[in-house]
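Structural characterization, general
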Amino acid sequence: MEISKIDKLLVVVNSGMDKPYNQYASYAIAFTAKKVHNIPNVTIFYGPQGVEMVKKGNLAKLSCSDDLKKLIASQFEGLSPDDLPDNLEQMARYLKENLGVVIASCATMHVAQGFATSIDDTTNIEDFVMPLGIPDVTAAALSADKILYF
């Protein structure tokens, strides 16, 4: 399938633990965008309704079963179920460290939801997440070639 040239993909996740398949899908899309379609700049961004996912430990609660790993791996040549992580926290770390995917969230909502005292407070969020203020969130959205919502 031919895809028009995309340099910056923004995957917006605006849902939380109540919609786990949105979480799985966002990471599968980011992985595929980088590994299969070679999109240089991929960002997963947790919006106002999704920031609960960046609290320490929440992504680790979403495990990847053996059946899910087999289903995913069967769709990619050369990928084995054993290559896939056991949970979404491990997947997030892999995407960031090995593929350069940026994982960010709305720091304003960290404060509004009560798990941060300021937009710079990262005490209760995963260390691989970049907290963004409103100007940076706006810039990321306006500079993206394509935005996908989950």
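Residues numbered from 1 in each chain as written. Predicted model: local features only at pLDDT ≥ 70, side-chain atom pairs only at ≥ 80, totals over all residues. Heavy atoms only, no water.

**Some remarks on the packing of helix α1 (residues 20-35) against helix α3 (residues 88-99)**
Each pair of packed helices can be described by the angle between their axes along with the distance between the axes. This is how it is decided: In this analysis, axes come from line fits to C-alpha atoms, helices being fitted only over the stretch in contact, and the angle between any two N-to-C directions falls in the range 0 to 180 degrees. Secondary structure elements follow DSSP: runs of H or I of four or more residues count as helices, runs of E of two or more count as strands, with numbering from the N terminus. Should an angle fall under 35 degrees it is called roughly parallel, over 145 degrees roughly antiparallel, and 65 to 115 degrees roughly perpendicular, with every other angle called oblique. Here is the rule for handedness: rotate from the far helix to the near one, and if that takes an anticlockwise turn smaller than a right angle the crossing is left-handed, while a clockwise turn gives right-handed. Should any heavy atoms of two residues lie within 4.5 Å, those residues are considered in contact. Residues are sorted three ways: Asp, Glu, Lys and Arg are charged, Ala, Val, Leu, Ile, Met, Phe, Trp, Tyr, Cys and Pro are nonpolar, and all the rest, Gly among them, are polar.
With their axes 11 Å apart at the nearest point, α1 and α3 run at an angle of 20° to one another. Relative to α3, α1 is oriented roughly parallel. Of the two elements, α1 crosses α3, and the hand of that crossing is left-handed. Packed against α1, whose contacting residues are Gln23, Tyr24, Tyr27, Ala30, Phe31, Lys34 and Lys35, the element α3 presents Leu88, Met91, Ala92, Tyr94, Leu95 and Leu99 at the interface. Of the residues assigned to the contact of α1 with α3, the class counts are 10 nonpolar, 1 polar and 2 charged.

**What to know about a negative patch on the surface**
What counts is decided by this rule: Exposure above 30% relative accessible area and the lack of any salt bridge qualify a residue for a patch; like charges then connect within 9 Å, and the nonpolar side chains Val, Leu, Ile, Met, Phe, Trp and Tyr within 5 Å. Surface accessibility follows the Shrake-Rupley procedure with a 1.4 Å probe radius. Residue values consider only the protein chains on display as shielding. By salt bridge we mean one thing: a side-chain nitrogen of Lys or Arg within 4 Å of a carboxyl oxygen of Asp or Glu. The charge count treats Lys and Arg as positive and Asp and Glu as negative. His and the chain ends do not count. Every charge is mapped to an atom, namely NZ of Lys, CZ of Arg, CG of Asp or CD of Glu.
A surface patch of negative charge is lined by Asp66, Asp67, Asp82 and Asp83. For aspartate 66, the location among the structural elements is in helix α2 (residues 66-73).

**Considerations on the pairing of strand β2 (residues 41-46)**
Our working definition: For two strands to be treated as a pair, DSSP must find no fewer than two bridges joining them. When the strands point away from the viewer, a crossover counts as right-handed if the route from the first strand across the helix to the second turns clockwise.
Relative to β2, strand β1 (residues 8-13) runs parallel, the two sharing 6 bridges. Counterpart to valine 12 in the pairing with β2 is phenylalanine 45. Crossover connection from β1 via α1 to parallel β2: handedness right-handed. Direction of pairing for β2 relative to strand β3 (residues 102-106): parallel, over a ladder of 4 bridges. What sits directly across from threonine 43, in β3, is valine 102.

**Thoughts on the packing of aromatic side chains**
Applicable threshold: Only rings of Phe, Tyr and Trp enter the pairing, Trp through its six-membered ring, and a pair is recorded when the two centres are within 6.5 Å. The plane angle decides the type: under 30 degrees is stacked, over 60 is edge-to-face, the rest tilted. With a 1.4 Å probe rolled over the protein chains alone, any residue whose accessible area is under 20% of its type maximum counts as buried; one over 50% counts as exposed, and the rest are partly exposed.
In this structure the tally under the stated criterion is 2 aromatic pairs. Where tyrosine 21 meets tyrosine 24, the ring centres are 6.0 Å apart and the plane angle is 45°; that geometry is what we call tilted. With tyrosine 21 and tyrosine 24 both in helix α1 and 3 residues apart, the pair spans about one turn of that helix. Overall, tyrosine 21 belongs to the exposed group, its relative accessible area being 67%. Assessed through its relative accessible area of 18%, tyrosine 24 is described here as buried.

**Quick word on the nonpolar core**
Our working definition: We call a set of buried residues a nonpolar core when its members are Ala, Val, Leu, Ile, Met, Phe, Trp, Tyr or Cys and they connect through side-chain atoms within 4.5 Å of each other.
Judged by nonpolar contacts, the single largest core of 42 residues is most densely connected at Tyr27, Ile44, Tyr46, Leu95 and Ile103. For this core, the secondary structure elements donating two or more residues are β1, α1, β2, α3 and β3. The contacts of isoleucine 44, once residues within four sequence positions are left out, are Val11, Val13, Ser26, Tyr27, Ala30, Leu95, Val101, Val102, Ile103 and Ala104.

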